[in-house]
Protein chains: 2
Amino acid sequence: MTGRPILPLTIDRRRTASLQDQLYSSLREQIQTGQMAPGSVLPSSRDLATDLGISRNTVIAAYDRLTGEGYLETRERSGIFVNPEFGRPKPAARRTPLKPRHRIAIADASTALREPQPFRLCQPDVRLFPLALWNRLRSRALRRLGHRLLHYQSAYALGLPVLRQALAEYLGESRGVRCDWTQVVITSGSQEALYLLSQILLKPGQSVLMEDPGYPGAKAAFLRAGAVLQSLPVDEHGAIPPSDVDGVSLIYTTPSRQFPTGASLPVTRRMALIEFARKNKAWLIEDDYDSEFRYSRPPLPAMHSLDAGQRTLYIGSMSKVLFPSLRIGYMVVPQSLLPAIEELRLTLNDHGPLIDQVTLADFLQSGAFYTHIRRCRKAYEARLDTLLTAVARHSLPLTFPHTDGGMNQAGYFVDTRINAIRISARLKEAGFDIPALDVYAQQPVAAGLVFGFTAFDPRTIARAVADAAVIIRDGI
Amino acid sequence: MTGRPILPLTIDRRRTASLQDQLYSSLREQIQTGQMAPGSVLPSSRDLATDLGISRNTVIAAYDRLTGEGYLETRERSGIFVNPEFGRPKPAARRTPLKPRHRIAIADASTALREPQPFRLCQPDVRLFPLALWNRLRSRALRRLGHRLLHYQSAYALGLPVLRQALAEYLGESRGVRCDWTQVVITSGSQEALYLLSQILLKPGQSVLMEDPGYPGAKAAFLRAGAVLQSLPVDEHGAIPPSDVDGVSLIYTTPSRQFPTGASLPVTRRMALIEFARKNKAWLIEDDYDSEFRYSRPPLPAMHSLDAGQRTLYIGSMSKVLFPSLRIGYMVVPQSLLPAIEELRLTLNDHGPLIDQVTLADFLQSGAFYTHIRRCRKAYEARLDTLLTAVARHSLPLTFPHTDGGMNQAGYFVDTRINAIRISARLKEAGFDIPALDVYAQQPVAAGLVFGFTAFDPRTIARAVADAAVIIRDGI
């Protein structure tokens, strides 16, 4: 008995796939696309073998496999049929040609990877990073620990102990943060720390006091958790401790260097914020994103070091001091929060990449970390000088009140009626990334532009200021 | 005028810190700890310089810095005082000695990194991974792309195009998944894919139909999103398509190899699940966690390939086919979901580590990926033989119905009244990681134990079965 011919079946002896695989695929394709209708009968294995000029065993093997997988069914003495339960085939949809977008070939990966435009904020100069040394440490760690580094290590969802210990030491020495190493949690960048804390500390509808102007990444994390944001006003000294705000669950601050204004919060205000948090039983986030880069003098110790009540949650980042695509950040939290963080971390993504964590621990312990920070600090200080000199040379009507450190500089227009948003938009059209202060603010804010200067060499800075100055003066 | 003596100030000429820094730190410490009371007067710079035998300029510089930071304040013609607003000092708390836990030195990192115990589930044998080749590809990528790979690349929160393209090709060829590369999203392990999908697709109180027994990582992600879980019963063929369930928002399945039973879902059931999802306007997750490891024949194409309605969300992992600590997974989703996923990803952790993504793209394109899978498949097939032979040799009363593939094997007790939980607990005491089927189930389930066999060489498997057999027979 010969069924409805199912040719053309694409069988090609030159292809590397076995004849059985080719026959299997062809039949499956025809069943899936509805070219062979549900319930229709197939040719006998003998007939099909003859038709195709292949061995009968090949056909039997392909039929067996399709039967095992439910595409075909055998009825005793009647032959082999396409499974009638197979359901409605959807040839049109499956046949819809894909509309591939412009394909970027592997060789073009470099063009896909963006360089920051002047004066993009918070960009370290990754060319200063000792990548060769980092790679040597990585290789050494792999030689030493080998395949142990490749396993799942869900026991370390909070980070590898060696790295947590190395960071606890660094934070104690450099930032005055006193903590047990178990309080240090490794995250995928400081953004993940903000996300984790928001999720475990905030319930929908709860109130977060957020520096205004303030860091958009923190806002996004709080809003995602359903929080209601209240403005914590910022003046030339940083966040103004509130006196009469009720029902606050969390306060977000950047005491070392207010983002984006650059103010360094005086100790008295830090104490007042801690006291406010204590009274309101609120948590206090200290986002210490770039304290390493203070030029004229060492940074103030972290606000965390002033808080005996363990309400301050300290967040730091390796994105700025090493390189951003490493995606390592950390936080220091009371031990009481660790179980909730660990549970969420396991549900979220288990643990971070381990090879990088061991490499970073070695980088810290070797002292190379400190050498690198010093090198960057020196370079960035010179670039800040270049920026300010260029601004002065081109007589830009901007004042920069916080030039003692940081990776960014907020420049305020002398004429406060200037529309900084419009100027920023024009700069963007010309290839500059110089945001207006307004984009970080909920409440009205002074007219100003924010310049990140750390990723660009002095010559680029000088030239970019010259070019941007034309547009800025034009827009005033 | 000389104030209250503030000695002992620790000034030590042998230390590397400058005298000014030492004086500054000592004073700050005394202010912070309350040893110097708020409002108290300090010695004049001249007096203190004489007392300490250091230059007056050094004292003035330290005083200036402390004044600038708000610790001290200068009152004209009265002298220098500790800032009275400084608030209550908390000497007790700050002085509490830390209780460091047992410190694991860097050299001991290897002991902290755990090897999986027999027969832990879903563990690839990372010793088979071509780490040297991987490292060469990584170095080559760094040479080619250099510091461009180190920047922030927030434009690629969904993953680097090169990797998404390479994966789209792989999934098309090997799994029958037809998609545009833009539909492929890179995640930090498949767990993050489950988390992201849960968060964007589920509202609290919505219903998820979850394979029972089923994968705990998926359950955790759904519960975290506030979903209500309903059991999707599983028999020897895998998930049983439901007929009379209403109000389901999402269905979770492992069609290639049901976790943890190992059943491969027949095509007709796949079609029925897709049809159920279509009728209920529900999403259908296909978690394809180990389809690469099917030994007797190639795996069925993904359920995704049967779904014209774009309700199937395909999830895959590199943890099983490469190595777990890499933390790379992926998903294939309709383009309509991309904006929500991207927004959450940016709020969550911006983007994944980029060097690994480029390296993986090259690993896929070079063909080494396929070679590695073939190598693992061969090794794992032999290990499965070893496991089954050893089980037979030791006459364990367990039957293994799904021995055609997978990384794990569910063995069912012939006597269904046996308490598998108790036996599993005894095995755990003896150093074995062999869970009872019950731990994955909501509804009562057949008495059985699940063995992961892929991470252990044949000799270890044979010995471990011999040792475990004594405990199992003892517990029956």
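Residues numbered from 1 in each chain as written. Chains lettered and ligands numbered in written order. Predicted model: local features only at pLDDT ≥ 70, side-chain atom pairs only at ≥ 80, totals over all residues. Heavy atoms only, no water.

Caption draft 1: Here's a closer look at the overall build of chain A. Regarding its fold elements, chain A presents 15 helices and 13 strands. Within chain A, buried positions represent 60% of all 476 residues. In chain A, 57 side chains carry a positive charge and 45 a negative one; their mean positions are 4 Å apart. (Helix = DSSP H or I, 4+ residues; strand = E, 2+ residues; numbered from the N terminus. Buried < 20%, exposed > 50% of the residue type's maximum accessible area, 1.4 Å probe, protein only. Lys, Arg positive; Asp, Glu negative; His and termini not counted. Charge placed at Lys NZ, Arg CZ, Asp CG, Glu CD.)

Caption draft 2: Broad picture of the packing of aromatic side chains. Residue and element names in this part refer to chain A. Within this structure, the stated rule accounts for 35 aromatic pairs over all chains. Taken together, a centroid distance of 5.8 Å and an interplanar angle of 65° make the contact between Tyr170 and Tyr370 edge-to-face. Linking Tyr170 in helix α7 (residues 161-175) with Tyr370 in helix α13 (residues 368-393), this pair joins segments that are 200 residues apart in sequence. Judged by relative accessible area, Tyr170 falls into the buried class, the value being 2%. Look at Tyr370 and you get partly exposed, because its relative accessible area is 25%. (Phe/Tyr/Trp six-rings, centres within 6.5 Å; stacked < 30°, edge-to-face > 60°.)

Caption draft 3: Seen up close, the confidence of the model for chain A. All names here are of chain A. Summing up the model confidence of chain A, the mean pLDDT is 88 and the portion of residues at 70 or higher is 91%. In the predicted structure, residues 1-8 sits below a pLDDT of 50 and forms 21 contacts with residues beyond four places in sequence or in another chain. Scoring of the predicted complex yields 0.83 for pTM and 0.82 for ipTM. (pLDDT = per-residue confidence, 0-100. Contact = heavy atoms within 4.5 Å.)

Caption draft 4: Geometry of the environment of Asp125 of chain B. All names here are of chain B. By the element assignment, Asp125 lies in the loop between α5 (109-112) and α6 (131-145). Aside from chain neighbours lying at most four places away, what touches Asp125 is Tyr380, Arg383, Thr454 and Ala455. Looking at Asp125, its side chain comes within polar contact range of the main-chain nitrogen of Arg127, at 2.9 Å. (Polar contact = N/O pair within 3.5 Å; in protein donor to acceptor, adjacent residues only side chain to side chain.)

Caption draft 5: Spatial organisation of the sheet that holds strand β13 (residues 448-452) of chain A. All names here are of chain A. Across the sheet, which stays open at both edges, the three strands sit in the order β11-β12-β13 with antiparallel pairing between neighbours. Both outer strands of the open sheet, β11 (398-399) and β13, are each paired with one neighbouring strand and no more. Relative to β13, strand β12 (residues 408-413) is paired through five bridges, and the arrangement is antiparallel. Bridge pairing links Tyr412 to Gly448 in β13. (Pairing = 2+ DSSP bridges.)

Caption draft 6: Geometry of empty space enclosed by the protein. Using the criterion set out here, one finds eleven cavities of 30 Å³ or more in the structure. Approximately 90 Å³ is the volume attributed to the largest cavity. If you trace the largest cavity, you find it lined by Arg138, Pro353, Leu354, Ile355 and Asp356 of chain A together with Trp134, Arg138, Phe323, Ser325, Leu326 and Asp356 of chain B. The biggest single contributor to the lining of the largest cavity is helix α12 (residues 354-365) of chain A, with three residues. For the lining of the largest cavity, the residue count by class is six nonpolar, one polar and four charged. (1 Å grid on protein atoms, 1.4 Å probe; cavity = no way out; pocket = protein on both sides within 12 Å on 5 of 7 lines; lining within 4 Å. Points joined across faces, edges and corners; volume = space filled by probe spheres on them. Nonpolar A, V, L, I, M, F, W, Y, C, P; charged D, E, K, R; others polar.)

Caption draft 7: Structural view of the interface of chain A and chain B. With 107 residues of chain A at the interface, the matching set in chain B holds 107 residues. Roughly 10000 Å² is buried in total at the junction of chain A and chain B, and carbon and sulfur atoms are behind 56% of that figure. Our enumeration of links across chain A and chain B arrives at zero salt bridges. On inspection of chain A and its partner chain B, the count reaches 29 residue pairs in polar contact (both at pLDDT 80 or more). Among the elements that make up the side of chain A that touches chain B, the one with the highest residue count is helix α6 (residues 131-145) of chain A (seven residues). Class assignment of the residues belonging to the side of chain A that touches chain B gives a composition of 52 nonpolar, 25 polar and 30 charged. (Buried area = accessible area lost by both parts, 1.4 Å probe. Salt bridge = Lys/Arg side-chain N within 4 Å of Asp/Glu carboxyl O.)

Caption draft 8: Geometry of the relation of the copies chain A and chain B. Once turned by 180° and shifted 0.1 Å along the axis, chain A lies on chain B with an RMSD of 0.1 Å. Seen this way, the second copy is the image of the first under a two-fold rotation axis. It is Pro353 of chain A whose C-alpha, among those of chain A, lies nearest the rotation axis, at 4.3 Å. Of the interface residues in chain A, 100% have counterparts in chain B that sit at the interface too, so the contact is made through matching surfaces. (Least-squares fit on C-alpha atoms with pLDDT ≥ 70 in both.)

Caption draft 9: Structural context of the nonpolar core. Within the largest apolar cluster, 164 residues are counted, with the highest numbers of intra-cluster contacts made by Leu322 and Leu449 of chain A together with Leu322 and Leu449 of chain B. Beyond its immediate stretch of four places on either side in the chain, Leu449 of chain A contacts Gln409, Ala410, Gly411, Phe413, Ala420, Ile423, Ser424, Leu427, Ile434, Pro435, Ala436 and Ile472 of chain A. By size, the runner-up hydrophobic cluster in this structure holds 58 residues, among which are Ala221 of chain A together with Leu250, Ile315 and Leu344 of chain B. (Core = buried A, V, L, I, M, F, W, Y, C linked by side-chain atoms within 4.5 Å.)

Caption draft 10: Representation of the pairing of strand β2 (residues 79-82) of chain A. Residues and elements named next belong to chain A. In terms of strand pairing, strand β1 (residues 72-75) meets β2 through four bridges, oriented antiparallel. Residue pairing for β2: Arg75 is matched across the bridge by Gly79. The antiparallel pairing of β1 with β2 creates a hairpin that spans three residues between the two strands, and Arg77 there sits at a positive phi of about 65°.

Caption draft 11: Structural context of the packing of helix α8 (residues 189-201) of chain A against helix α11 (residues 338-348) of chain B. Taken N-terminus to C-terminus, the directions of α8 of chain A and α11 of chain B make an angle of 100°; their axes are 7 Å apart at the nearest point. In terms of orientation, α8 of chain A lies roughly perpendicular with respect to α11 of chain B. Residues Gln191, Glu192 and Tyr195 of chain A of α8 of chain A form the contact with α11 of chain B, whose own contacting residues are Leu344, Leu346, Thr347 and Leu348 of chain B. Its residues placed into classes, the contact of α8 of chain A with α11 of chain B shows four nonpolar, two polar and one charged. (Axes fitted to C-alpha atoms, helices over the stretch in contact; angles between N-to-C directions. Parallel < 35°, antiparallel > 145°, perpendicular 65-115°, else oblique.)

Caption draft 12: The arrangement of the domain arrangement of chain A in detail. Residues and elements named next belong to chain A. On domain assignment, one finds that chain A holds domain 1 (19-87), domain 2 (129-368) and domain 3 (371-475). Of note, the centres of domain 2 and domain 3, computed from C-alpha atoms alone, are 27 Å apart. Residue-level contacts link 28 residues of domain 2 with 25 residues of domain 3. Note on domain 2 versus domain 3: buried area summed over both sides is about 2300 Å², and carbon and sulfur give 57% of it. Considering only the side of domain 2, the residues that lose the most area to domain 3 are Pro260, Phe293 and Tyr295, jointly responsible for 29% of the buried surface there. Here domain 2 and domain 3 share two salt bridges between them. The shortest N-O distance in the salt bridge between Asp404 and Arg257 comes to 3.5 Å. Considered class by class, the residues forming the side of domain 2 that touches domain 3 number 14 nonpolar, six polar and eight charged. (Domains from an automatic or database assignment.)

Caption draft 13: The packing of helix α7 (residues 161-175) of chain B against helix α13 (residues 368-393) of chain B, seen in detail. Residue and element names in this part refer to chain B. Orientation of α7 relative to α13, taken along the N-to-C sense of each, is 45°, at an axis distance of 12 Å. Here α7 is positioned oblique relative to α13, judged by the angle of their axes. Between α7 and α13 lies a crossing whose hand is right-handed. Taken together, the residues of α13 that come into contact with α7 (itself represented by Tyr170, Glu173 and Ser174) are Phe369, Tyr370 and Ile373. A breakdown of the residues in the contact of α7 with α13 according to their chemical character gives four nonpolar, one polar and one charged. (Left-handed = near helix turned anticlockwise from the far one by under 90°.)

Caption draft 14: Local environment of the pairing of strand β8 (residues 283-287) of chain B. All names here are of chain B. The buried count for β8 comes to five of five residues, which makes it a mostly enclosed element. Of the two faces of β8, the one holding Trp283, Ile285 and Asp287 and the one holding Leu284 and Glu286 are both buried throughout. As defined by bridge partners, strand β7 (residues 248-253) adjoins β8 across four bridges and the pair is classed as parallel. Paired with Tyr252 across the bridge in β8 is Ile285.

Caption draft 15: Examining the pattern of salt bridges more closely. Evaluated as defined, the whole model comprises 26 salt bridges over all chains. Here Arg383 of chain A ties to Asp125 of chain A by a salt bridge, and the two come within 2.8 Å at their closest N and O atoms. On the criterion of sequence distance, the pair formed by Arg383 of chain A in helix α13 and Asp125 of chain A in the loop between α5 (109-112) and α6 is long-range, its members being 258 residues apart. For the pair Arg383 of chain A and Asp125 of chain A, a shared accessibility class is recorded, and that class is buried. Among the ionic pairs, Asp288 of chain B bridges to Arg175 of chain B, the shortest N-O distance being 2.7 Å. Of the two residues, Asp288 of chain B sits in the loop between β8 and β9 (312-317) while Arg175 of chain B sits in helix α7, which places them 113 residues apart along the sequence. Judged by its relative accessible area of 2%, Asp288 of chain B is buried. Several salt bridges share partner residues, and in doing so they unite Asp125, Arg127 and Arg383 of chain A into one network.

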